[in-house]
Amino acid sequence: MRYKNDLLNGYYKEYDRKGKLIKATLYVNGVPQSFTQELAVLDIRKEYYKNGVVKKEGIYDVVGKENGLFKYFDENGNIIKSEIYLHGILLAKGLIDEEGKRQGYWEEYYKNGIIKSKGEYKDGKRSGRGTFYWANGTRYVGEFKDGKRTGRGTMTWISGNEYVGEFKENKRTGRGTLTWISGDEYIGEFKENKRTGRGTYTWASGDKYVGEFKDDNSHGLGTYTYTDGTIKEGLWENGKFIE
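In this text the structure is predicted, and so the values were computed from the model without any measurement.

Conventions adopted
- Residues numbered from 1 in each chain as written.
- Predicted model: local features only at pLDDT ≥ 70, side-chain atom pairs only at ≥ 80, totals over all residues.
- Heavy atoms only, no water.
- Phe/Tyr/Trp six-rings, centres within 6.5 Å; stacked < 30°, edge-to-face > 60°.
- Buried < 20%, exposed > 50% of the residue type's maximum accessible area, 1.4 Å probe, protein only.
- Helix = DSSP H or I, 4+ residues; strand = E, 2+ residues; numbered from the N terminus.
- Lys, Arg positive; Asp, Glu negative; His and termini not counted.
- Salt bridge = Lys/Arg side-chain N within 4 Å of Asp/Glu carboxyl O.
- Contact = heavy atoms within 4.5 Å.
- 1 Å grid on protein atoms, 1.4 Å probe; cavity = no way out; pocket = protein on both sides within 12 Å on 5 of 7 lines; lining within 4 Å.
- Points joined across faces, edges and corners; volume = space filled by probe spheres on them.
- Nonpolar A, V, L, I, M, F, W, Y, C, P; charged D, E, K, R; others polar.
- Core = buried A, V, L, I, M, F, W, Y, C linked by side-chain atoms within 4.5 Å.

1. Points about the packing of aromatic side chains
One pass over the full model with this rule turns up 18 aromatic pairs. Ring centres of Y186 and F190 lie 5.1 Å apart, and the angle between their planes is 90 degrees; this geometry places the pair in the edge-to-face category. By relative accessible area, which is 0% here, Y186 ends up buried. Their ring planes at 65 degrees and their centres at 5.1 Å tell us that W236 and F241 sit as a pair that is edge-to-face. Given a relative accessible area of 7%, W236 falls into the buried group.

Written out as structure tokens, the structure reads:
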């Protein structure tokens, strides 16, 4: 239980003489939250080492299944592992610090047990190398910063299309290569998921455009070379040759 500006903020918990949780109420700025009444049926359990130090601590639901955050400690009281459950289903595992923030390597799972993500955390946010799997089969492998895809990475869609290059705040921004399953390929600059800047687009047919792009269209100075050797060189606007 904590106070902020002399007002209750956090959980107020009541236990019976045997240490069993009998009531828990969440307060926000001194106001009890009605939706937490269901917590009254939850049970906080602890296991101890012989020296009296807590070995394991977690919350169980009314039917005795793990439900919420579980913390594991060594004999000196240091947190060595954390797990998050939803009514007996493991959703995540890794390490938290004393403030409850995720640190280091974590894995997350969908409710069906299939892995959702794995990688490094810093101060509660994905930071460093990691992998995220969408439920539809799309996959990202690469760098994260402050919880977002930022840095070098590879995005592979379920369709088979693939992007390898730079990301910024979850969007393709910087230099990269986008390859379509059709055989088309673009190598060059991106801005907020769109081909913008200098680049080369090569069609599966063999046609090629080298030059400037804007919002996924050839825009600015560029050269289009057809497979028969014909060349269009000059100014383009929104995908159309001007002069």
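2. Re the side chain of K56
Looking at where K56 falls in the secondary structure, it is placed in strand 6 (residues 54-60). Of the side chains with opposite charge, E47 comes closest to the buried, unpaired K56, at an N-O distance of 4.2 Å. Sequence-distant contacts of K56, that is, excluding residues within four places in its chain, are made with R45, K46, E47, F70, K71, Y72 and F73.

3. Examining the layout of surface pockets
In this structure, the second largest pocket occupies an estimated 170 Å³ of space. Partitioned by chemical class, the residues of the lining of the second largest pocket number three nonpolar, three polar and four charged.

4. Examining the pattern of salt bridges
In the structure shown here, the tally under the stated rule is seven salt bridges. Here K101 ties to E99 by a salt bridge, and the two come within 3.7 Å at their closest N and O atoms. Note on K101: relative accessible area 36%, which makes it partly exposed. In this structure E99 comes out as exposed when scored by relative accessible area, which is 64%.

5. Structural notes on the nonpolar core
Residues Y140, Y163, F167, Y186, F190, Y209 and F213 are the most contacted members of the largest nonpolar core, which totals 14 residues. Elements with a contribution of two residues or more to this core: strand 13 (139-145), strand 15 (162-168), strand 17 (185-191) and strand 19 (208-214).

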